[in-house]
Amino acid sequence: MANIDKHPAGSFCWIELHTTDQSAAKSFYGSLFGWQANDMPMGPNDFYTIFRLQGRDTGAGCTLRPEELSQGIPPHWMIYIAVENADAAVTKAQGLGGKILAPAFDVMDAGRMAVIQDPTGAIFCPWQANKNTGIGIAQVHGTLCWADLSTPDPKRASDFYSGLFGWQIFADPKDKSGYLHIKNGEHFIGGVPPAVHRQPGVPAHWMAYFQVDDVDATANKAKENGAKLHLPPMSMEGVGRMSVIADPQGAVFSIFKSAR
């Protein structure tokens, strides 16, 4: 396992579940990943759940707002990306063709964030850490390990994110699938699958991957607890084994175990 005390700019630093049933989500993910739920009150009858493993933060959960539900926003996992300056990220994103859904604002003394939609439609949040640096643990069962961008226009999206975060986004010459790798500094952090494999009509989105000890056992457990398998466990040669799961409320995520 690895403890994380600071996330370099451009890395995936936080993950947040927006759901229709926070209590059900707490027990589902607690059972699946061993997360402990810590509820922080946010006003009357409202709370923010911080998920923890071994006493360190792994992510969070909150309830979809009535205005989000009225816009037809489904339960989902939201990805946060570390930045030095949230306001500068907003200005830069706008210049690169992104749409600002929420300009930069402070989250008490935890940090400063915004909500941005890339030019192809995927939504993410830049996070400028203050007291809360984000996820504090990696490389164990139930921790974020990767994220894929599902987009109908990988080229347009690549230009946007490279411009915004300085990512290198490129195909491996040995890999004929057309999958693009995302490299932040020295680290491979995610990818962009080929647009041909996308389901028609599904909006562009970021897909979170959680590391697990056993993909088949975890997928089975998820199913027993009311989840649906969008993609049953499958192996990618030399890469690892994975499965795509919709939790009982419908939020979609992937689980992964590396072959290396």
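Note: the structure precedes this text.
Attention in this report is confined to the structure presented alongside it. Remember, predicted model here, so these are calculated numbers, not experimental data.

1. Observations concerning the pairing of strand β2 (residues 12–19)
- Across the 8 residues that make up β2, a large majority, 8, are buried.
- Strand direction decides the pairing type here: β2 and strand β6 (residues 76–82), joined by 6 bridges, are antiparallel. In the sheet register, His18 faces β6, and the bridge partner there is His76.
- Bridge count between β2 and strand β5 (residues 56–63): 4 bridges; the pairing is parallel. Looking across to β5, one finds that Thr19 is bridged to Thr63.

2. With respect to the pairing of strand β8 (residues 111–117)
- Burial within β8 is extensive, with 6 of its 7 residues counted as buried.
- Where strand β7 (residues 99–107) lies against β8, 6 bridges are found, and the strand directions are antiparallel. Bridge pairing in β8 places Val107 opposite Gly111.
- Linking two consecutive strands that pair antiparallel, namely β7 and β8, is a turn of 3 residues; a positive phi of about 45 degrees is found at Met108 within it.
- With 5 bridges joining them, β8 and strand β9 (residues 123–129) adopt antiparallel strand pairing. Looking at β9, one finds that Gln117 is bridged to Ile123.
- If you look at the hairpin formed by β8 and β9, you'll find 5 residues sitting between the two strands, and Gly121 has a positive phi there, around 115 degrees.

3. A closer look at the sheet that holds β6
- If you trace the 8 strands from one edge of the open sheet to the other, you get β3-β4-β5-β2-β6-β9-β8-β7, paired in mixed fashion. Lying at the two open borders of the sheet, with one neighbouring strand each, are β3 (36–41) and β7. Put simply, the sheet's adjacent strands are angled 25 degrees from each other on average, direction ignored.
- Contacts between helix α1 (residues 22–33) and the sheet are confined to β2, β3, β4 (47–53), β5 and β6, with β4 contributing the most and set at about 5 degrees to the helix.
- Contacts between helix α3 (residues 86–95) and the sheet are confined to β7, β8 and β9, with β8 contributing the most and set at about 15 degrees to the helix.

4. Description of the packing of aromatic side chains
- All chains considered together, the criterion is met by 27 aromatic pairs.
- Where Phe160 meets Tyr161, the ring centres are 5.0 Å apart and the plane angle is 85 degrees; that geometry is what we call edge-to-face.
- Ring geometry for Trp167 and Trp206: centres 6.0 Å apart, planes at 85 degrees, overall edge-to-face. Here the residue Trp167 occupies a position in the loop between α4 (154–165) and β12 (168–171), and Trp206 occupies one in strand β15 (residues 205–211), the gap between them amounting to 39 residues.
- Given the relative accessible area of 3%, Trp167 is considered buried.
- The rings of Phe28, Tyr29, Phe33, Trp35, Phe51, Trp77, Phe210 and Phe253 are connected pair by pair, giving a single aromatic cluster.

5. Description of helix α5 (residues 215–224)
- Of the residues making up α5, those classed as buried are Val215, Thr218, Ala219 and Ala222. Buried residues along α5 cover an arc of 100 degrees about the axis, so they all sit on one side.
- On its buried face, α5 sits against α1, β16 (228–236), β17 (240–246) and β18 (252–258).
- The N-terminus of α5 is capped by Asp214, whose side-chain oxygen sits 3.0 Å from the backbone nitrogen of Asp216.
- Gly226 lies just past α5 and shows a positive phi near 100 degrees.

6. Section: the sheet that holds β17
- Across the sheet, 8 strands lie side by side as β12-β13-β14-β11-β15-β18-β17-β16; this open sheet has mixed pairing. Bordering the open sheet on either side are β12 and β16, each of which pairs with just one other strand. Within the sheet, the average angular offset between the axes of one strand and its neighbour, ignoring direction, is 30 degrees.
- Of the strands in this sheet, β15 and β18 are in contact with α1, which crosses β18 at around 10 degrees.
- With respect to the sheet, α5 is in contact with β16, β17 and β18, its orientation differing from that of β17 by roughly 10 degrees.

Thresholds applied
Residues numbered from 1 in each chain as written. Predicted model: local features only at pLDDT ≥ 70, side-chain atom pairs only at ≥ 80, totals over all residues. Heavy atoms only, no water. Buried < 20%, exposed > 50% of the residue type's maximum accessible area, 1.4 Å probe, protein only. Helix = DSSP H or I, 4+ residues; strand = E, 2+ residues; numbered from the N terminus. Pairing = 2+ DSSP bridges. Axes fitted to C-alpha atoms, helices over the stretch in contact; angles between N-to-C directions. Contact = heavy atoms within 4.5 Å. Phe/Tyr/Trp six-rings, centres within 6.5 Å; stacked < 30°, edge-to-face > 60°. Arc of directions from axis to C-beta. Polar contact = N/O pair within 3.5 Å; in protein donor to acceptor, adjacent residues only side chain to side chain.

These values are about where atoms sit, not about what they do.
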